Amino acid sequence: MIEFTILDIFLIFDYNINTMYKELKNSITLYYEDLGNRNGETILFIHGNSEDHHLFDEYIDDFKDKYRLILVDSRCHGLSTDTNELHYSSIEEDIILLLKELDIRKCHIIGSSDGAIISLLLSRDTDLVDKCFAIGPNINPSGLLDSVIEDFKLREEDKYIKLMLNEPNIEPESLHLIKNRVILISGECDCIKKEHIDLIKDNIFNASNYVIKDANHFIVNNAKNKLMSIIIKELELDIYYEDNHVIVVDKKCGILSQEDITNTPNLLDIVKDYLKFKYDKPGNVYLSLIQRLDRNVSGLMVLAKTTKANTRLNEIRPHKNYYAVVYGKPNKKEDTLVDFLLKDETRHMAYSGSDGKKAVLHYNVIEEKDNLSLLDISIDTGRFHQIRYQLSKIGYPIYNDMKYNPDIIGTSFELGLDAYKVTFIHPITKEEITIERKPRRDIFNKFNI
């Protein structure tokens, strides 16, 4: 039998208070639960009006093994501090302070109704958000169905109803400031007007919209299976741009660009599967790679969704910028390298030869740390293993590249090479589009980028 002293009981109680409640600098105390895999990416769950964190209870088991989960009661809800007045800006401030207290610098957000509004505000006003799942948001009260507004007016003295009648007041143009991925999810029978959801989507650069058939506003409660399918699909793939003609995705290190004889997962098939799911296509999906990246390299890739887009993107091919982590500290802090390259089909390596194809590479050194340097690279051409070969030739091989630097014993399969930026001419609008993001790999995290 285990016995507790009065001091033991006090310490256990105090421990629970410290881990489940957080008093913020603005004197608001928020109740939260911190669950799941502490080493995984973080998902923050934000409930709707007059609800609390229990809204997401049935979702915990689906995420806890892979993700760290933060479930919070917003102010005036659940076990958090109650106040006389309630505003979306105040709830947003609370969440920002909580994430700062928990030292969470980036997270996915799953927000329902009022929580979806907060998730959009956080996406607009901070760089804390990775993927934003906004379930049934509105950016002003006029986005609600007229019948809902009339019903609310009968109860407008209630502070929760008053909040929804008078707020939010988000200017559509201000959504242009959102840089992260936003996934809008609404019900076919939602109390948010369809044209209002379209307005939100049209003002966010990297937004996608799902409408769940036969569902109402309370999707979290009544359409869990479909909602989970959407969230899982979107979490699996990092999309930075999509329209009817083009999709730009982030290839993770270790994933093939397209199928080979090993029959292992490849980006082309993964994106096809995503498009088939998203648009509920019964047949095959057309999708074409415009450029490829080596399996052990990460980065942005442009894919064409139509034959016309494929033709035009191949006529004026996308331009990429790379980050490369190399061994050593180059004497020249910026330079242009010119070689004539051939491919050794037997060894699957590049080499120089007078009858090779011209390869031009420009680099500048961004930062040096220990015996490593971070280079920003652009190429005028796109030759096989061009960057790997040319940097190795001048004595600064890419981190972990055992093929072009056999003296180095690699510690993993990943090369210190990442296509962090891509610029292309849109095949239909002729607009120049540039997509840029920071690499999410340990070797690049050593540097200030």
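Parameters at a glance
Residues numbered from 1 in each chain as written. Predicted model: local features only at pLDDT ≥ 70, side-chain atom pairs only at ≥ 80, totals over all residues. Heavy atoms only, no water. Phe/Tyr/Trp six-rings, centres within 6.5 Å; stacked < 30°, edge-to-face > 60°. Helix = DSSP H or I, 4+ residues; strand = E, 2+ residues; numbered from the N terminus. Buried < 20%, exposed > 50% of the residue type's maximum accessible area, 1.4 Å probe, protein only. Lys NZ or Arg CZ within 6 Å of the ring centre and 35° of its normal. Axes fitted to C-alpha atoms, helices over the stretch in contact; angles between N-to-C directions. Parallel < 35°, antiparallel > 145°, perpendicular 65-115°, else oblique. Left-handed = near helix turned anticlockwise from the far one by under 90°. Contact = heavy atoms within 4.5 Å. Nonpolar A, V, L, I, M, F, W, Y, C, P; charged D, E, K, R; others polar. Salt bridge = Lys/Arg side-chain N within 4 Å of Asp/Glu carboxyl O.

Undergrad: Which parts of the structure should I look at to understand the packing of aromatic side chains?
TA: Aromatic rings considered in pairs are described by the distance between their centres and by the relative angle of their planes. The final tally for this structure, using the stated rule, is 11 aromatic pairs. Relative to Tyr31, the ring of Tyr21 has its centre 5.1 Å away and its plane inclined at 70°; by these criteria the two rings are edge-to-face. With a gap of 10 residues between them, Tyr21 in strand 1 (residues 21–23) and Tyr31 in strand 2 (residues 29–36) connect regions that are remote in the sequence. Residue Tyr21 is classed as partly exposed on the basis of its relative accessible area of 25%. Summarising the aromatic geometry, the rings of Tyr389 and Tyr404 are spaced 6.4 Å apart at their centres and angled 80° between planes, so their arrangement reads as edge-to-face. In this pair, Tyr389 sits in helix 12 (residues 386–393) while Tyr404 sits in the loop between helix 12 and strand 18 (417–425), placing the two residues 15 residues apart along the sequence. Following the ring pairs from residue to residue traces out a cluster consisting of Phe45, Phe56, Tyr59, Phe63 and Tyr67. If you follow Lys224 out to its NZ or CZ, it ends over the ring of Tyr59, 5.4 Å from the centre.

Undergrad: For this particular structure, what's the right way to read the packing of helix 9 (residues 224–236) against helix 10 (residues 267–278)?
TA: Each pair of packed helices can be summarised by the angle the axes make with each other and by the distance between the axes. It is at 11 Å that the axes of helix 9 and helix 10 come closest, and there the two elements cross at 155°. Considering their axes alone, helix 9 and helix 10 lie roughly antiparallel with respect to each other. Viewed along their axes, helix 9 and helix 10 form a crossing whose handedness is left-handed. For the pair helix 9 and helix 10, the contacting residues are Lys226, Ser229, Ile230, Lys233 and Glu234 in the first and Asp273, Tyr274 and Phe277 in the second.

Undergrad: I'm lost on the packing of helix 3 (residues 88–101) against helix 4 (residues 114–125) in this one. Help?
TA: It is at 10 Å that the axes of helix 3 and helix 4 come closest, and there the two elements cross at 65°. Judged by the angle between their axes, helix 3 and helix 4 are roughly perpendicular. Crossing of helix 3 against helix 4: the hand is right-handed. Residues Tyr88, Ile91, Glu92, Ile95 and Ile96 of helix 3 form the contact with helix 4, whose participating residues are Asp114, Ile117, Ile118, Leu121, Leu122 and Asp125. Split by residue class, the contact of helix 3 with helix 4 holds 8 nonpolar, no polar and 3 charged.

Undergrad: What is the right way to read the pattern of salt bridges from this model?
TA: Side chains that differ in sign of charge can pair as their charged atoms come close. Tallying each qualifying case throughout the model produces 29 salt bridges. A salt bridge links Asp339 to Lys393, with the nearest nitrogen and oxygen atoms 2.5 Å apart. Taken as a pair, Asp339 in strand 14 (residues 334–344) and Lys393 in helix 12 lie far apart in primary sequence, 54 residues in all. Each of Asp34, Arg38 and Arg68 takes part in salt bridges that share partners, so that together they form one network.

Honestly, it's all geometry; don't read function into it.
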